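Each chain, written out:
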Amino acid sequence: MTTPLLSVRDLVIEFPTRHGPLTAVDGVSFDLAAGEVLGVVGESGAGKSLTGSAIIGLLDPPGHIASGEIYLKGERIDNLRAEDMRAIRGRRIGMVFQDPLTSLNPLYTIADQLIETIRTHLRLSEREARQRAIGLLDDVGIPAASRRIDDYPHQFSGGMRQRVVIALALAAEPELVIADEPTTALDVSVQAQIIDVLKEQCTQHGASVILITHDMGVIAETADRVAVMYSGRIAEIGPVREIIQNAKHPYTSGLMGSIPTLAQEEDRLVQIPGSMPRLSDIPPGCPFNPRCDKVFDKCRVQRPALIPVENRQVACWLYEEATTNEVAT
Amino acid sequence: MLAYVIRRVLQSIFVLLMVGLVAFSMFRFVGDPVENLLGQERTQADIERVRDQLGLNDPFAVQYVKFLGNALQGNLGVSYRQGRPVSEIIAERAPATLELAGVSALFAVLFGVGLGVFTAIRRDGFMANFIMTTSLIGVSLPTFLIGILLIYIFAVELGWLPSFGRGETVKIGWWSTGFLTESGLKAIILPAITLGLYQMTLIMRLVRSEMLEVLRTDYIKFARARGLSTRAINFGHALKNTLVPVITVTGLQIGSIIAFAIITETVFQWPGVGLLFINAIQFVDIPVMAAYLMLISVMFVLINLIVDLLYFVIDPRLSADASTRGH
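Predicted, not measured: the structure shown is a model, and the values here were computed from it.

## Details of the pairing of strand S9 (residues 225–230) of chain A
Residue and element names in this part refer to chain A.
Phase 1 of the analysis: Counting buried residues in S9 gives 6 out of 6 residues, a clear majority hidden from the surface.
Phase 2 of the analysis: Of the two faces of S9, the one holding Arg-225, Ala-227 and Met-229 and the one holding Val-226, Val-228 and Tyr-230 are both buried throughout.
Phase 3 of the analysis: The sheet contact formed by strand S3 (residues 37–41) and S9 spans 4 bridges and is parallel. Opposite Gly-39, over in S9, you have Val-226 as the bridge partner.
Phase 4 of the analysis: Both S9 and strand S10 (residues 233–239) contribute to a ladder of 6 bridges, which runs antiparallel. By the bridge assignment for S10, Val-226 is matched with Gly-238.
Phase 5 of the analysis: Linking two consecutive strands that pair antiparallel, namely S9 and S10, is a turn of 2 residues; a positive phi of about 50 degrees is found at Ser-231 within it.

As structure tokens, this is what we get:
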């Protein structure tokens, strides 16, 4: 097998507190192939954004990587010196944040910010960088890019600003783009456009994407594979179609059941009882056990690892026997 | 933007008129100038003659307008004590104060911004904490005490710097400068530090807190995510965003540097307008006091106006064509 573009191994992110460390991300592992789009879904506080920040090396202190490894094309990047990691950010890993209204520096023109980013990473003259910047803005669908490039961020609407942010993230042709809730802060009417632009541009530039969102619809449309996170762990990871049609993990099926569909007419949507545990008291065993309707004794004692089932991996004891049986036959 | 500038200028003129009124009232209500001008050997006829001559019998409003007209032409009256035109005395003294204020403002801004940025970036470092703690001294000690302390250490104990005066000065036209002689440069160090220390610590603490605020924003995080160098982020992106509030405060502080020069000039016997003012108070030399009051208010108003205009240079969102264009 070829080396995956990105490989995260047993990532643990902790926040030190007076009562000992809080583990916000606990043993997350996944691979991402070149050109692949991986969706990461989960509730607020499931550790999606932290995982993204950890990959690009921008965890806000006091949060830090307590253990685990992150590899970019086989090279370990989680323990690099600050200056080496800086050279990777923007150049090899780009990031798009949630709120386009606050992502751009209000005091600089779009041209200033694009040219600065381009020239930080590529050896181009001011004029070449400007040409490239206009090309990028054109690509992300900003009309009259050569004129609007000299405008300030406040002269653009939210959707347009997010396009600029995407252009900035792609300015130096990164191999991986981490999009952290790129449409959450936008009007519903422009969300689809932005997702289209993001996907189309990343495909064109050959970048893999980690798309962090809590919108299953966005994932269904965009991603190749999806990772469902719960309480800082991956509950289930696999091809999007399969997981949407036939979720294995009880949490994932609960999640899918809570999405309204046009095909069926239901009075009430399915709701998972209870809420995600606080970081300070994640129950022993499977973190989902207090809310799970298929819970049995083992779930309360032992934490399930990711168990391969068909094309995917599920962290649930229900599938332990299935695999052992398969192995046996 | 033009409308804004015109409005601000009109406001400034109004403020100056009001200050002029206060200055003018001093003549009217702080004792009778005629009493001061004519000695004890006066007759009632003398008093009437002088009153008439000085226009003191005119209605209040007429006198006020005359006063303003004279002031605009640079005629601020004659000093009771020195018997010379006030404008001449002030022109003689102003270079000393302006040089002192300029140097201490430069000191306050350079060190204030520099240390503010440093303490914000190295938030938990030992040096940063040390600077923050000592800066409390700058904020809390009164100016005259700092001045006396500095004199004690550097002039009395170490003997490195002079404890009073301006040193030798060189005349360039009517302007006398202390920058061109060694003794002049040495002499300005202690007063400038004394005068600027409070402003420096104030600017430093302000820059620090603004900077910490800005460093938390999304656009700084996004700038990091784009791999920009730490220097570009700290000094290009973050510092520029802290400037608007910092410039407001700095502008006001430069005004007060000129105003508070009174104390420093007294401590160091610096021959500037502040010292002139203190002496004028002792001798109830009202024309000098009034002129000083007007001068300081003109400075304040002017600095405020410049600060307001600087906002436009720094923050594009304030410009008139700030209409948000949709997509």
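## Notes on the nonpolar core
The nonpolar side chains of soluble globular proteins are, as a tendency, buried together.
Phase 1 of the analysis: Among the nonpolar cores identified, the biggest contains 156 residues, and Ala-167, Val-177, Leu-211 and Val-228 of chain A together with Ile-203 of chain B are the most heavily contacted of them.
Phase 2 of the analysis: The biggest single contributor to this core is helix H8 (residues 182–215) of chain B, with 15 residues.
Phase 3 of the analysis: Apart from the residues lying within four places of it in its own chain, the contact partners of Val-228 of chain A are Val-41, Gly-42, Ile-234, Ala-235, Glu-236, His-249, Tyr-251, Thr-252 and Leu-255 of chain A.

## Looking at helix H8 (residues 188–204) of chain A
Residues and elements named next belong to chain A.
Phase 1 of the analysis: Counted at 1.5 Å a residue, the expected span for H8 with its 17 residues is 24 Å, and the 25 Å between its end C-alpha atoms agrees.
Phase 2 of the analysis: Three or more residues of H8 are buried, namely Ile-194, Ile-195, Val-197, Leu-198, Gln-201 and Cys-202. Along the axis of H8, the buried residues cluster in a sector spanning 165 degrees; they form a single face. Residues of H8 that are exposed and angled more than 90 degrees away from the buried face: Ser-189, Thr-203 and Gln-204.
Phase 3 of the analysis: In this fold, the buried residues of H8 make contact with helix H5 (126–139), helix H7 (158–169), strand S7 (176–180), strand S8 (208–212) and helix H9 (216–222).

## Here's the deal with unusual backbone geometry
Negative phi characterises most residues that are not glycine, and trans characterises most peptide bonds.
All names here are of chain A.
Phase 1 of the analysis: Residue Pro-62 is reached from Pro-61 by a cis peptide bond, and omega for that bond is 10 degrees.
Phase 2 of the analysis: Relative to the helices and strands, Pro-62 resides in the loop between helix H1 (48–56) and strand S4 (64–72).
Phase 3 of the analysis: Located in the positive-phi region is Lys-73, a residue other than glycine, with phi close to 50 degrees.
Phase 4 of the analysis: The partly exposed category is assigned to Lys-73, around which 15 C-beta atoms lie within 10 Å.
Phase 5 of the analysis: One non-glycine residue, Glu-173, lies in the positive phi region at around 55 degrees.
Phase 6 of the analysis: Relative to the helices and strands, Glu-173 is located in the loop between H7 and S7.
Phase 7 of the analysis: C-beta crowding within 10 Å serves as the criterion here: with 13 such atoms nearby, Glu-173 is assigned to the partly exposed category.

## Remarks on the interface of chain A and chain B
You'll often see interface size given as the accessible area lost when the parts meet.
Phase 1 of the analysis: Between chain A and chain B, the contact holds 27 residues from the first and 25 residues from the second.
Phase 2 of the analysis: If one sorts the elements of the side of chain A that touches chain B by residue count, helix H4 (residues 110–121) of chain A sits on top with 4 residues.
Phase 3 of the analysis: Here the side of chain A that touches chain B is built from residues that sort into 11 nonpolar, 11 polar and 5 charged.

## Considering the confidence of the model for chain B
Do not read the fine detail of predicted coordinates wherever pLDDT is low.
Residues and elements named next belong to chain B.
Phase 1 of the analysis: Across chain B, the average pLDDT comes to 81, with 94% of residues at 70 or higher.
Phase 2 of the analysis: Element-level mean pLDDT values for chain B span from 67 in helix H2 (residues 33–37) up to 88 in helix H9 (residues 218–225).
Phase 3 of the analysis: Confidence drops under pLDDT 50 across residues 320–327; counting only partners more than four residues distant or on other chains, this segment forms 10 contacts.
Phase 4 of the analysis: With pTM at 0.76, the complex prediction returns an ipTM value of 0.83.

## Considering the pairing of strand S1 (residues 6–15) of chain A
Residues and elements named next belong to chain A.
Phase 1 of the analysis: For S1 and strand S2 (residues 22–32), the ladder comprises 8 bridges, and the chain directions are antiparallel. For Val-12, the partnering residue across the bridge sits in S2 and is Asp-26.
Phase 2 of the analysis: Counted between consecutive antiparallel strands, the loop separating S1 from S2 contains 6 residues, among which Gly-20 sits at a positive phi close to 90 degrees.
Phase 3 of the analysis: Where S1 and S4 come together, 7 bridges link them in antiparallel fashion.

## Notes on the UniProt feature "transmembrane region" (unreviewed entry) in chain B
All names here are of chain B.
Phase 1 of the analysis: In the numbering used here, UniProt assigns the feature "transmembrane region" (unreviewed entry) to residues 12–30, 100–118, 130–155, 188–207, 243–262, 268–284 and 291–314.
Phase 2 of the analysis: From the first C-alpha to the last, residues 130–155 spans 26 Å; its make-up is 92% helix and 0% strand.
Phase 3 of the analysis: Between the end C-alpha atoms of residues 268–284 there is a gap of 23 Å, over a span that is 59% helix and 0% strand.

## Focus: the packing of helix H6 (residues 126–140) of chain B against H8 of chain B
Residues and elements named next belong to chain B.
Phase 1 of the analysis: Two elements in contact, H6 and H8, have axes separated by 8 Å at closest approach and are oriented at 130 degrees. Taken as axis vectors, H6 and H8 run oblique relative to one another. Helix-helix and strand crossings are classified by hand; for H6 and H8 the assignment is left-handed. Between H6 and H8, the residues in contact are Ser-135, Gly-138 and Val-139 and Leu-197, Tyr-198, Met-200, Thr-201, Leu-202, Met-204 and Arg-205, respectively.
Phase 2 of the analysis: Classifying every residue of the contact of H6 with H8 gives 6 nonpolar, 3 polar and 1 charged.

## Things to note about the UniProt feature "domain: ABC transporter" (unreviewed entry) in chain A
Phase 1 of the analysis: The UniProt feature table records "domain: ABC transporter" (unreviewed entry) at residues 6–256 of chain A.
Phase 2 of the analysis: When the span residues 6–256 of chain A is considered, its composition is 39% helix and 25% strand, and the gap between its end C-alpha atoms is 27 Å.

## A word on H1 of chain A
All names here are of chain A.
Phase 1 of the analysis: Taking burial as the measure, the 9 residues of H1 include 9 buried ones, the bulk of the element.
Phase 2 of the analysis: Considered for burial, the residues of H1 that qualify are Lys-48, Ser-49, Leu-50, Thr-51, Gly-52, Ser-53, Ala-54, Ile-55 and Ile-56.
Phase 3 of the analysis: Where H1 terminates, the next one or two residues include Gly-57, which has phi positive at roughly 75 degrees.

## What about the sheet that holds S4 of chain A?
Residue and element names in this part refer to chain A.
Phase 1 of the analysis: Sheet architecture is open: 4 strands sit in the order S2-S1-S4-S5, paired in antiparallel fashion. In this open sheet, the two edge strands, each paired with only one partner strand, are S2 and strand S5 (75–76).
Phase 2 of the analysis: Relative to S5, S4 runs antiparallel, the two being bridged by 2 bridges. Across the sheet, residue Tyr-71 finds its bridge partner in S5, namely Arg-76.
Phase 3 of the analysis: Against the sheet, H1 touches S1, S2 and S4, its axis set at about 115 degrees to S1.

## Thoughts on the sheet that holds S10 of chain A
All names here are of chain A.
Phase 1 of the analysis: The 8 strands lie next to each other as S6-S7-S8-S3-S9-S10-S12-S11, forming an open sheet whose pairing is mixed. In this open sheet, the two edge strands, each paired with only one partner strand, are strand S6 (93–96) and strand S11 (307–309). For this sheet, the mean angle separating the axes of adjacent strands, direction not counted, is 20 degrees.

## Overview of the UniProt feature "domain: ABC transmembrane type-1" (unreviewed entry) in chain B
Phase 1 of the analysis: Those residues carrying the UniProt feature "domain: ABC transmembrane type-1" (unreviewed entry) are residues 94–311 of chain B in this numbering.
Phase 2 of the analysis: The span residues 94–311 of chain B shows a helical share of 80% and a strand share of 3%, and its end C-alpha atoms are spaced 29 Å apart.

Criteria and cut-off values
Residues numbered from 1 in each chain as written. Chains lettered and ligands numbered in written order. Predicted model: local features only at pLDDT ≥ 70, side-chain atom pairs only at ≥ 80, totals over all residues. Buried ≥ 20, exposed ≤ 12 C-beta atoms within 10 Å, placed from the backbone. Helix = DSSP H or I, 4+ residues; strand = E, 2+ residues; numbered from the N terminus. Pairing = 2+ DSSP bridges. Core = buried A, V, L, I, M, F, W, Y, C linked by C-beta atoms within 7 Å. Contact = placed C-beta atoms within 7 Å. Expected span 1.5 Å × (residues − 1). Arc of directions from axis to C-beta. Nonpolar A, V, L, I, M, F, W, Y, C, P; charged D, E, K, R; others polar. pLDDT = per-residue confidence, 0-100. UniProt positions renumbered as here; feature names shortened; annotations may be inferred. Axes fitted to C-alpha atoms, helices over the stretch in contact; angles between N-to-C directions. Parallel < 35°, antiparallel > 145°, perpendicular 65-115°, else oblique. Left-handed = near helix turned anticlockwise from the far one by under 90°.

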